[in-house]
Amino acid sequence: NAGVTQTPKFQVLKTGQSMTLQCAQDMNHNSMYWYRQDPGMGLRLIYYSASEGTTDKGEVPNGYNVSRLNKREFSLRLESAAPSQTSVYFCASSESRSGNTIYFGEGSWLTVV
Amino acid sequence: GENVEQHPSTLSVQEGDSAVIKCTYSDSASNYFPWYKQELGKRPQLIIDIRSNVGEKKDQRIAVTLNKTAKHFSLHITETQPEDSAVYFCAARENKFYFGSGTKLNVKP
């Protein structure tokens, strides 16, 4: 039982390049999330998926797209990377019902130069 | 959407002292309030949580209190130890999880 697995762990991109962060969970959770973490800003929600086939914008969705490929997988795409997207990205999952906690992946360190 | 505010942003205590971190939330529909500890370079990990039908919960040296009327909740760590040094995040959930901006706790030996 690996929990939440995300790849890659580290990536350096040039401005304007595109890339996809992959995430998979093996806990049979319906809800999945992508957060970004910047110093002093906490964890900010980029996109949320309540269930397979549905996605919803979070607090900071601009510059990102997501795909909920199936119940296990939720990917985050940067179409044209900008230096402002340099951050640590965390994928997470949870049960749908409130009262259940959220589980995080190990994080992806992305630098855009 | 929900707005979670967390204070203080940094907290320095002497080993053995208590530490208190406070959070407020805006959405009265939020009904689940977890706390996470994040060590440098690691993912956030759940340390304690409280549901809206409970006012207080304790787990060894850690306790959380919730005041639904005032929309605030607090984390209390007693008898702090150097290994408690980390960043702590509060969160509130109705459907999605919204996080506070974090408190960097430094426990001095």
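Residues numbered from 1 in each chain as written. Chains lettered and ligands numbered in written order. Predicted model: local features only at pLDDT ≥ 70, side-chain atom pairs only at ≥ 80, totals over all residues. Heavy atoms only, no water.

K.L.:
Requested: an account of the pattern of salt bridges, with residues and values cited.
P.N.:
All names here are of chain A. Applying the stated rule across the entire model yields nine salt bridges over all chains. A salt bridge links aspartate 38 to arginine 36; its shortest N-O distance comes to 3.0 Å. This pair shows no difference in class: aspartate 38 is buried, exactly as arginine 36 is. A salt bridge links arginine 77 to glutamate 79; the shortest N-O distance between them is 3.1 Å. Look at arginine 77 and you get partly exposed, because its relative accessible area is 30%. (Salt bridge = Lys/Arg side-chain N within 4 Å of Asp/Glu carboxyl O. Buried < 20%, exposed > 50% of the residue type's maximum accessible area, 1.4 Å probe, protein only.)

K.L.:
Requested: an account of the sheet that holds strand S1 (residues 4-7) of chain A, with residues and values cited.
P.N.:
Picture the strands of a sheet paired through backbone hydrogen bonds; they go either parallel or antiparallel. Residues and elements named next belong to chain A. Taking strand neighbours across the sheet as the criterion, the four strands line up as S1-S3-S8-S7 in an open arrangement whose pairing is antiparallel. Only two strands of the sheet have a single neighbouring strand rather than two, namely S1 and strand S7 (64-68). In this sheet, neighbouring strand axes are inclined to one another by 15 degrees on average, regardless of whether the strands run parallel or antiparallel. Across four bridges, S1 lies against strand S3 (residues 19-25) in antiparallel orientation. Counterpart to threonine 5 in the pairing with S3 is alanine 24. (Pairing = 2+ DSSP bridges. Helix = DSSP H or I, 4+ residues; strand = E, 2+ residues; numbered from the N terminus. Axes fitted to C-alpha atoms, helices over the stretch in contact; angles between N-to-C directions.)

K.L.:
Quick one: what's the story with the nonpolar core, residue by residue and with numbers?
P.N.:
Core analysis: the largest hydrophobic core is formed by 23 residues, its most contacted members being B:Trp35, B:Phe73 and B:Leu75. Secondary structure elements with two or more residues in this core: strand S3 (19-25), strand S4 (32-38), strand S5 (45-51), strand S7 (62-67), strand S8 (72-77), strand S9 (86-93) and strand S11 (103-108) of chain B. Not counting the four nearest positions on each side in its chain, B:Phe73 is found in contact with B:Ile21, B:Lys22, B:Cys23, B:Tyr25, B:Phe33, B:Trp35, B:Thr65, B:Leu66, B:Cys90 and B:Ala91. Core analysis: the second largest hydrophobic core is formed by 19 residues, A:Ile46, A:Val66, A:Leu76 and A:Ala81 among them. (Core = buried A, V, L, I, M, F, W, Y, C linked by side-chain atoms within 4.5 Å. Contact = heavy atoms within 4.5 Å.)

K.L.:
Lay out the packing of aromatic side chains with the relevant residues and their values.
P.N.:
By the definition in use, this model includes 16 aromatic pairs over all chains. Summarising the aromatic geometry, the rings of A:Tyr64 and A:Tyr89 are spaced 5.9 Å apart at their centres and angled 65 degrees between planes, so their arrangement reads as edge-to-face. With A:Tyr64 in strand S7 and A:Tyr89 in strand S9 (residues 87-94), this pair connects stretches of sequence that are 25 residues apart. In this pair, the class of A:Tyr64 matches that of A:Tyr89, namely buried. Between B:Tyr36 and B:Phe99, the aromatic rings sit 5.6 Å apart at their centres with planes inclined by 50 degrees, giving tilted as the arrangement. One end of the pair, B:Tyr36, is in strand S4; the other, B:Phe99, is in strand S10 (residues 97-99), with 63 residues separating them in the sequence. Judged by its relative accessible area of 0%, B:Tyr36 is buried. Overall, the relative accessible area of 8% leaves B:Phe99 in the buried class. These aromatic residues form a ring-pair network of at least three members: A:Tyr33, A:Tyr35, A:Tyr48, A:Phe90, A:Phe104, B:Tyr32, B:Tyr36, B:Phe97 and B:Phe99. (Phe/Tyr/Trp six-rings, centres within 6.5 Å; stacked < 30°, edge-to-face > 60°.)

No statement about biological role is implied by the geometric values presented.
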